[in-house]
Amino acid sequence: MNFLFKNKSKSPAEIVKLLNDSLARLDNPVSSKTKIREDIGKCISNMLGILQESGGERKSGENSSDLVVQLSQEIYTTDVFNRKEVSLIYGILLRRKVGSREPTIEYLCKKPKIIHDMISGYRNQDSAVFCGSMLRESLKHEPLLEIVLDSTQFFDFFEYAEDPNFDIASDAFGNFRDALVRFRPRVAKFLGENYEKFFQNYPTLQRSQNYVIRRQSLKIFVANPNKTDMVYQILRNNKDQLIDFLGNFQTEKDTDEQFKDEKAFLIKQLQKVQ
């Protein structure tokens, strides 16, 4: 298929067709997997180039050219989660606006399984951080955050944050934290509807084998200056237990001045809760 990339530039529709054809050939046991993956990589690189050259990354929110519109519609049919370029393309498309509309976000709201697949991507070590990167971009948009919070898969983050792979656990916890500190009214609604289940699972983070996660878990709520009424009530109801927990937390590290200061700050914040 090399000749396909030596001729004149292909249209977005043609590039996506070539990509889909290559993906279909991956299931053929007699095909050269190395050659097919090279072709897939070229298609994705061409897509990224078209988006970037067409102003897909402009922050001004200008309407994209017909070329970008067509590509953004076609690319949704692909199923490639093994290239860094896909993450870049995804981010560009999320930011794309047509007037006041955000067509990529509208599309994803109609196809929530795409977001669900990003969450479950943490189960695959090869795709975990890659899917996590796209999920992180998604959480910046309230309609996509709603898909995450409305899914039972949200509670899988407690499991992913305990992954023995430090990078995967940290990435998963980062997205878990981001989901809980953005768009306060929506998060408050989620906590109100899932109070018991959420706080039955939350102590697993405080007992995590991952020191960083254990250290950061209380900061999500206690150190957040913009606490919702629901979170404030939770802290008030559990104030004494939390202060006691912090007082006995990692006492062997009390020689670490920064750590001591962080503990003292959190305890002080809890003491202010009335």
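Per chain, residues are indexed from 1 in the order of the written sequence. pLDDT decides what is reported in this predicted model: residues at 70 or higher carry local features, side-chain atom pairs at 80 or more are listed and counted, and totals for whole chains, interfaces and linings draw on all residues regardless. For side-chain calculations, the full set of non-hydrogen atoms in the structure is used, while hydrogens and water are omitted.

- Going by the annotation in an unreviewed UniProt entry, the name recorded for the protein is Mo25-like protein, with Smittium angustum given as the source organism.

1. Notes on the overall build of the protein
- The helix count covers DSSP runs of H or I at least four residues long, the strand count covers runs of E at least two residues long, and both are numbered beginning at the N terminus. Scanning the protein from terminus to terminus reveals 17 helices and 0 strands.
- In this description, contact between two residues means that some pair of their heavy atoms is separated by no more than 4.5 Å. Excluding contacts between residues fewer than 6 apart, the proportion of contacts in the protein whose partners are at least 24 apart in sequence is 69%.
- Each accessible area is a Shrake-Rupley result for a 1.4 Å probe, and residues are judged covered by the shown protein chains and nothing else. When the accessible surface of the protein is summed, it comes to about 14700 Å², and 48% of that surface belongs to carbon and sulfur atoms.

2. As for unusual backbone geometry
- Backbone geometry at phenylalanine 183 places phi at a positive 50 degrees, although glycine is not the residue there.
- With respect to the secondary-structure elements, phenylalanine 183 resides in the loop between α10 (166-181) and α11 (184-193).

3. A short note on the packing of helix α2 (residues 33-53) against helix α4 (residues 84-95)
- Angles run from 0 to 180 degrees between N-to-C directions of axes, and those axes are lines fitted to C-alpha atoms, restricted for helices to the stretch in contact. Look at α2 against α4: their axes get within 9 Å of each other, and the N-to-C directions meet at 30 degrees. When the axes of α2 and α4 are compared, the pair comes out roughly parallel. Crossing of α2 against α4: the hand is left-handed. The residues of α4 that touch α2, namely those facing Ile44, Ser45, Met47, Leu48, Leu51 and Gln52, are Glu85, Val86, Leu88, Ile89, Ile92 and Leu93.
- Each residue gets one label: Ala, Val, Leu, Ile, Met, Phe, Trp, Tyr, Cys and Pro are nonpolar, Asp, Glu, Lys and Arg are charged, and the others, such as Gly, are polar. Looking at the contact of α2 with α4 residue by residue, the class counts come to 9 nonpolar, 2 polar and 1 charged. Here the word oblique covers every angle except those under 35 degrees (roughly parallel), over 145 (roughly antiparallel) and from 65 to 115 (roughly perpendicular). For a crossing to be left-handed, the near helix must be turned anticlockwise from the far one by less than a right angle; the clockwise case is right-handed.

4. Comments concerning the packing of aromatic side chains
- Here a pair means two rings of Phe, Tyr or Trp (six-membered ring of Trp) with centres within 6.5 Å. Their orientation is stacked below 30 degrees between planes, edge-to-face above 60, and tilted elsewhere. Inspection of every chain in the model, using the stated rule, returns 19 aromatic pairs.
- For the pair phenylalanine 157 and phenylalanine 176, a centre-to-centre distance of 6.5 Å together with 45 degrees between the ring planes defines the contact as tilted. With a gap of 19 residues between them, phenylalanine 157 in helix α9 (residues 157-160) and phenylalanine 176 in helix α10 connect regions that are remote in the sequence.
- Exposure classes here rest on a 1.4 Å probe applied to the protein chains alone. A residue is buried below 20% of its type maximum, exposed above 50%, and partly exposed in between. By relative accessible area, phenylalanine 157 is classed as buried at 1%.
- Here phenylalanine 190 and phenylalanine 198 contribute two aromatic rings whose centre-to-centre distance is 6.1 Å and whose plane-to-plane angle is 90 degrees, an arrangement assigned as edge-to-face.
- A relative accessible area of 1% means that phenylalanine 190 is categorised as buried.

5. Focus on α4
- Over its 12 residues, α4 extends 18 Å from the first C-alpha to the last, a length consistent with the 16 Å expected when each residue adds 1.5 Å.
- By the burial criterion, the buried members of α4 are Val86, Ser87, Ile89, Tyr90, Gly91, Ile92, Leu93 and Leu94. What a helix should span is 1.5 Å times the count of its residues minus one.

6. Here we look at helix α16 (residues 239-247)
- Listed in full, the buried residues belonging to α16 are Lys239, Leu242 and Leu246. Looking down the long axis of α16, one finds its buried residues gathered within 70 degrees of arc, a one-sided arrangement. Along α16, the residues that are exposed and aim more than 90 degrees away from the buried face are Asp240 and Asp244. Starting at the helix axis, one direction is taken to each C-beta atom, and the arc is that of these directions.

7. Things to note about the packing of helix α1 (residues 12-25) against α2
- Where α1 contacts α2, the two axes come as close as 9 Å, and the packing angle between them is 155 degrees. In terms of axis orientation, α1 runs roughly antiparallel to α2. Along this stretch, α1 crosses α2, giving a crossing that reads as left-handed. Contacts from Ile15, Val16, Leu18, Leu19, Ser22, Leu23 and Arg25 of α1 reach α2 at Ile36, Asp39, Ile40, Cys43, Asn46, Met47 and Ile50.
- Here the residues of the contact of α1 with α2 sort into 10 nonpolar, 2 polar and 2 charged.

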